[in-house]
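Inside the fold
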Amino acid sequence: MDIEKKHQQLLDLYADYAKIAQPYLASAVCKQGCADCCTMVGSVDITTLEGLIILNYLKALNPNIQKDLNKKLKQNRKTKQQSKFARCAFLQNDDACAIYPLRPFSCRRLYSIRLCGESGPTLHRQAWEAAEQICLAIQQLDNTGYTGHMSYVLQLLNDSTFLKTYLSGEFSPQVIRNFAMNHGIVINRPARPFNMQR
């Protein structure tokens, strides 16, 4: 599997969405430190491809920062297992994102034209529909991978056997069947083909 090539294709899909959503984002009230989407949305889902990019970034960090983030990821998984909203493990004390430049698409797609609070984000229907199409494209790009809550996908990628299988381009869902069923991990195999004109 050519991870660098897939990473560039992923960045291109992010850029496609940014271009489509740009007219709508002009009316967004979001700003740094506004973290309702990072605490109240419920699940920050990522693909294994996005997870691998995040994991590689984490491995390059200072060991003390790695230790702190791993502790937060563990707490995040524990909270999610209790079926509660879990503050994103990458949300820092000042409500800024520790991985903002490589945040997954589930974060990139969210914005709001009204202050969120308990009501959650309010976005334009057209931007939401475009985001759904980009999600399908990302899943097709990561067609031997999976999608699920960020802390669970990162946990899966920390399993050396799974990582080796994934990086080889092999597809063996039976190997992670129990983990996937217990943690809401789904296969990235969209039922209908996606074709976005650029």
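As shown above, the structure is provided for reference.
One structure accompanies this document, and this report is about it.

What counts, and at which threshold
- Residues numbered from 1 in each chain as written.
- Predicted model: local features only at pLDDT ≥ 70, side-chain atom pairs only at ≥ 80, totals over all residues.
- Heavy atoms only, no water.
- Helix = DSSP H or I, 4+ residues; strand = E, 2+ residues; numbered from the N terminus.
- Buried < 20%, exposed > 50% of the residue type's maximum accessible area, 1.4 Å probe, protein only.
- 1 Å grid on protein atoms, 1.4 Å probe; cavity = no way out; pocket = protein on both sides within 12 Å on 5 of 7 lines; lining within 4 Å.
- Points joined across faces, edges and corners; volume = space filled by probe spheres on them.
- Nonpolar A, V, L, I, M, F, W, Y, C, P; charged D, E, K, R; others polar.
- Pairing = 2+ DSSP bridges.
- Contact = heavy atoms within 4.5 Å.
- Axes fitted to C-alpha atoms, helices over the stretch in contact; angles between N-to-C directions.
- Core = buried A, V, L, I, M, F, W, Y, C linked by side-chain atoms within 4.5 Å.
- Expected span 1.5 Å × (residues − 1).
- Arc of directions from axis to C-beta.
- Polar contact = N/O pair within 3.5 Å; in protein donor to acceptor, adjacent residues only side chain to side chain.

**Quick notes on the environment of Lys84**
Along the polypeptide, Lys84 turns up in the loop between α4 (63-81) and α5 (105-108). Take Lys84: its relative accessible area is 47%, and that puts it in the partly exposed class. With eleven residues separating them along the chain, Lys84 and Leu73 place their C-alpha atoms 15 Å apart.

**Brief notes about the layout of surface pockets**
Here the largest pocket is characterised by a volume of approximately 1,000 Å³. Mapped onto the lining of the largest pocket, the elements with two or more residues apiece are α1 (3-25), α2 (36-39), β1 (45-47), α5 and α6 (125-141). For the lining of the largest pocket, the element with the highest residue contribution is α6, accounting for five residues. Residues belonging to the lining of the largest pocket are distributed by class as follows: 29 nonpolar, seven polar and eight charged. Of the pockets and cavities examined, the second largest pocket occupies roughly 180 Å³. Elements supplying a minimum of two residues to the lining of the second largest pocket: α3 (48-59), α4 and α7 (150-157). With five residues, the single largest contributor to the lining of the second largest pocket is α4.

**Quick look at the sheet that holds β1**
Ordered by their spatial adjacency, three strands build an open sheet running β1-β2-β3, and the pairing between neighbours is antiparallel. Here the strands that pair on one side only, and so sit at the sheet edges, are β1 and β3 (186-187). As judged from the two bridges shared by strand β2 (residues 146-149) and β3, these two strands associate in the antiparallel manner. Paired with Tyr146 across the strands is Ile187, a residue of β3. Along the sheet face, α7 touches β1 and β2 and points at about 125 degrees away from the line of β2.

**What to know about the nonpolar core**
Ranked by internal contacts, the top residues of the largest apolar core, which has 46 residues, are Tyr17, Phe90, Met150, Leu154, Leu157 and Ile185. Looking at this core, the elements with two or more residues in it are α1, α3, α4, α6, α7, α8 (160-167) and α9 (177-183). In terms of residue count, the dominant contributor to this core is α6 (seven residues). Setting aside its immediate chain neighbours within four residues, Met150 contacts Val44, Asp45, Ile46, Ile54, Cys88, Phe90, Ile99 and Pro104.

**What about the pairing of β2?**
Taken together, the three bridges between β1 and β2 define a ladder with antiparallel strand orientation. Counted as the bridge partner of Thr47 is Thr147 from β2.

**Some remarks on α4**
With 19 residues, α4 should cover 27 Å at 1.5 Å per step; its first-to-last C-alpha distance of 27 Å lies within 8% of that length. For α4, the set of buried residues is Leu69, Leu73, Asn76, Arg77, Thr79 and Lys80. Projected onto a plane normal to the axis of α4, the buried residues spread over an arc of 160 degrees and lie on a single side. When the buried face of α4 is taken as reference, the exposed residues oriented beyond 90 degrees from it are Pro63, Asn64, Lys67, Lys71, Lys74 and Gln81. Two or three places before Asn64, at the start of α4, stands the capping residue Asn62, its side-chain oxygen 2.6 Å from that residue's backbone nitrogen.

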